[in-house]
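Residues per chain, in single letters:
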Amino acid sequence: MCDYSLHAVATRPAQVGETIVTTTFRGTSTRGFASERDLSVAVCLLPGTELAFADNVRYDNRWIWTRTVNSRVGKFGKVDPHIPDRHHDAIEFPDGNYVLVTQLVEGQRATVLQLPVTQPLGEKIEQPAVEQHTTQTPTTRLPIG
């Protein structure tokens, strides 16, 4: 999916194996992913899409300072979807931390490793009747702006 503020930008879905790059889209103040071949078209990711970055991930923090996440892999998802009119697209890292996509430093390259499995309409997947007890641990977010 592409964030709410990219409604006026041309978009297309991500493809497994392609290299995408973080960019700010013309006419917006929003950052997102685009193809290396066409930076004017936003590449939209489905929640659960797995990415491998070329380097440790860098993001903007407090105006001119940037921070680095000591990870090169992440999973695309949404944060705080119940809050309207704000950025929700985020990358979750193996340690449970999130960074909003719009905060990612421009020019970072990532390869789309895997797209989430999607179920064709009308098909029902049988769920096992096994009850599992899990303990949820709180997730930590990195500082945002």
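Just so we're clear, the structure is a prediction, and the values are computed from it rather than from any experiment.

A. A look at the environment of Gln15. As for its position among the elements, Gln15 is in the loop between strand S1 (11–13) and strand S2 (19–24). Judged by its relative accessible area of 47%, Gln15 is partly exposed. Here the alpha-carbon distance between Gln15 and Leu113, two residues 98 residues apart in the chain, equals 8.9 Å.

B. Looking closely at a nonpolar patch on the surface. Taken together, Trp63, Ile64 and Trp65 make up a surface patch of nonpolar side chains, about 520 Å² in accessible area. Locating Trp63 in the fold gives a position in the loop between strand S6 (57–61) and strand S7 (65–69). Residue Trp63 is classed as exposed on the basis of its relative accessible area, which comes to 80%.

C. Representation of the packing of aromatic side chains in the model. For the coordinates displayed, the defined rule picks out 1 aromatic pair. Arranged with centres 6.5 Å apart and planes meeting at 45 degrees, the rings of Phe33 and Phe53 form a pair that is tilted. Of this pair, Phe33 sits in strand S3 (residues 31–35) while Phe53 sits in strand S5 (residues 50–53), and the two are 20 residues apart along the sequence. For Phe33, a relative accessible area of 4% gives the class buried. Here Phe53 falls in the buried class, since its relative accessible area comes to 5%.

D. Seen up close, the confidence of the model for the chain. In the predicted model, the chain carries a mean pLDDT of 82, and the fraction of residues at 70 or more is 77%. The lowest-confidence element of the chain is S7, averaging 88 in pLDDT; the highest-confidence one is S5, averaging 97.

E. Structural view of the pattern of salt bridges. Applying the stated rule across the entire model yields 4 salt bridges. Between Glu18 and Arg12 there is a salt bridge, and its shortest N-O distance comes to 2.6 Å. Under the relative-accessibility criterion, Glu18 is labelled buried at 8%. The exposure class assigned to Arg12 is partly exposed, which follows from its relative accessible area of 23%.

F. Representation of the nonpolar core. Membership of the largest hydrophobic core comes to 18 residues, with the highest contact counts inside it found for Ile20, Phe33, Leu45, Leu51, Phe53, Ile91 and Leu104. At the level of elements, S5, S6 and strand S11 (109–114) are the ones that each hand at least two residues to this core.

G. How the structure looks around the side chain of Gln108. With respect to the secondary-structure elements, Gln108 resides in the loop between strand S10 (98–100) and S11. Here the side chain of Gln108 touches Arg58 through a polar contact of 2.8 Å, landing on its backbone oxygen. Residue contacts for Gln108: discarding those within four places in its chain leaves Ile20, Val21, Thr22, Asn56, Val57 and Arg58.

H. Region of the structure containing the pairing of S2. With 3 bridges joining them, S2 and S11 adopt antiparallel strand pairing. Each bridged residue has a counterpart across the sheet, and for Thr19 the counterpart in S11 is Thr111. Bridging between S2 and S3 involves 5 bridges; their strand directions are antiparallel. Bridge pairing in S3 places Ile20 opposite Ser35. Linking two consecutive strands that pair antiparallel, namely S2 and S3, is a turn of 6 residues; a positive phi of about 85 degrees is found at Gly27 within it.

What counts as what
- Residues numbered from 1 in each chain as written.
- Predicted model: local features only at pLDDT ≥ 70, side-chain atom pairs only at ≥ 80, totals over all residues.
- Heavy atoms only, no water.
- Helix = DSSP H or I, 4+ residues; strand = E, 2+ residues; numbered from the N terminus.
- Buried < 20%, exposed > 50% of the residue type's maximum accessible area, 1.4 Å probe, protein only.
- Patch = residues over 30% accessible without salt bridge, like charges linked within 9 Å, V, L, I, M, F, W, Y side chains within 5 Å.
- Areas by Shrake-Rupley, 256 points an atom, 1.4 Å probe, with all protein chains shown as cover.
- Salt bridge = Lys/Arg side-chain N within 4 Å of Asp/Glu carboxyl O.
- Phe/Tyr/Trp six-rings, centres within 6.5 Å; stacked < 30°, edge-to-face > 60°.
- pLDDT = per-residue confidence, 0-100.
- Core = buried A, V, L, I, M, F, W, Y, C linked by side-chain atoms within 4.5 Å.
- Polar contact = N/O pair within 3.5 Å; in protein donor to acceptor, adjacent residues only side chain to side chain.
- Contact = heavy atoms within 4.5 Å.
- Pairing = 2+ DSSP bridges.

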